[in-house]
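Geometric and topological summary
As a plain string of letters, each chain reads:
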Amino acid sequence: MARTAGERPLTCRDIMHEGVRCIGAHESLFQAAKLMRELNVGSLPICGDDNRLKGLVTDRDIVVECVATGRDPASVEAGALGGALHWIDADANAAEALETMEIHRIKRLPVIDVADGHRLIGMISESELAKNLTDEQIAEFAGRVYAAAAA
C-alpha cells in the first residue's frame, strides 16, 4: 500500500468500511434483498445464531442462484447461499487484504476483530481499495480479479 497511517503501514482496520450489517442465516433472501436496497449495498455478511460470520450473500447470488432457478426468495434462507468464506483480521496489513482478494478473486472482504471476540467490524470493498492504492496497484488488482471472470 502506498499510504500509511502515521509512521506505520495501513492496517485493514484503517481502510475498512465500518458499520456493516448482517443478515441472519435463517432470514430469507427476500429480507436480504430488502436490506441491500435499504443500505444501498450489493452484498451482506451472513451471521449465524451465535452472531459469528457464516458467509456472504450478494445481489447476484440472489438473482442467479435463487430467482433464475425458479425458487422463491421469500422461502430460501440466506445461509443457503453463503458460499466460500474469506475474511481478514482487522490488524492485518492492508496489503494482505489486497493479496487475499486477488488470490480468491473476490471484490468484498469481511474484516474480523480477532483480538476482540472474533467480531465482524467492517468490510473492505473495491472502493476502499481505490481510496488507498496507487494507480499501479489498482490496475494490477483489476487485472487479476476481473481477467479471470472474463475468461
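Just above sits the structure.
Note that this is a predicted model, so its numbers are computed, not measured.

With respect to the nonpolar core
Grouped burial of nonpolar side chains is what soluble globular proteins tend to show. Formed by 19 residues in total, the largest nonpolar core has its most connected members in C12, I88, M101, L109, V111, I124 and L129. When contributions to this core are tallied by element, the ones reaching two or more residues are α1 (12-15), α4 (94-104), β8 (108-113) and β9 (119-125). Of the residues forming this core, the biggest block, four residues, is contributed by α4. Core analysis: the next-biggest nonpolar cluster, separate from the first, contains 14 residues, V57, I62, C66 and L81 among them.

Observations concerning the layout of surface pockets
The gaps left among the atoms become clear once a water-sized probe is rolled over them. The volume enclosed by the second largest pocket comes to roughly 280 Å³. Mapped by element, the contributors of at least two residues to the lining of the second largest pocket are β5 (43-47) and β9. In terms of residue count, β5 provides more of the lining of the second largest pocket than any other element does, three residues in total. Its residues placed into classes, the lining of the second largest pocket shows six nonpolar, five polar and three charged.

Quick look at the sheet that holds β8
What the four strands build is an open sheet, ordered β3-β9-β8-β7; its pairing is mixed. Looking along the sheet, the strands with just one partner apiece sit at the ends: β3 (17-18) and β7 (88-89). Sheet topology places β8 next to β9; six bridges connect them, and they run antiparallel. For P110, the partnering residue across the bridge sits in β9 and is M123. The sheet contacts of α4 involve β7, β8 and β9, and relative to β8 the element is tilted by about 135°.

Some remarks on the state of the cysteines
Taken as a whole and assessed by the stated rule, the structure comprises one disulfide. In this model, C22 is linked to C47 through a disulfide, with the two sulfur atoms separated by 2.1 Å. Here C22 is found in the loop between β3 and β4 (23-24), whereas its partner C47 is found in strand β5, with 25 residues between them in sequence. The class of C22 is partly exposed, set by a relative accessible area of 27%. Classification of C47 as buried rests on a relative accessible area of 8%. In this model C12 remains outside any disulfide bridge; the closest cysteine sulfur is found in C22, 18 Å from its own. Of the cysteine sulfurs around C66, a residue in no disulfide, the closest is that of C22, at 20 Å. Relative accessible area serves as the criterion here: at 0%, C66 is assigned to the buried category.

Scoring rules and cut-offs
- Residues numbered from 1 in each chain as written.
- Predicted model: local features only at pLDDT ≥ 70, side-chain atom pairs only at ≥ 80, totals over all residues.
- Heavy atoms only, no water.
- Core = buried A, V, L, I, M, F, W, Y, C linked by side-chain atoms within 4.5 Å.
- Buried < 20%, exposed > 50% of the residue type's maximum accessible area, 1.4 Å probe, protein only.
- Helix = DSSP H or I, 4+ residues; strand = E, 2+ residues; numbered from the N terminus.
- 1 Å grid on protein atoms, 1.4 Å probe; cavity = no way out; pocket = protein on both sides within 12 Å on 5 of 7 lines; lining within 4 Å.
- Points joined across faces, edges and corners; volume = space filled by probe spheres on them.
- Nonpolar A, V, L, I, M, F, W, Y, C, P; charged D, E, K, R; others polar.
- Pairing = 2+ DSSP bridges.
- Contact = heavy atoms within 4.5 Å.
- Axes fitted to C-alpha atoms, helices over the stretch in contact; angles between N-to-C directions.
- Disulfide = S-S within 2.5 Å.

Any functional reading would require information beyond the geometric quantities listed.
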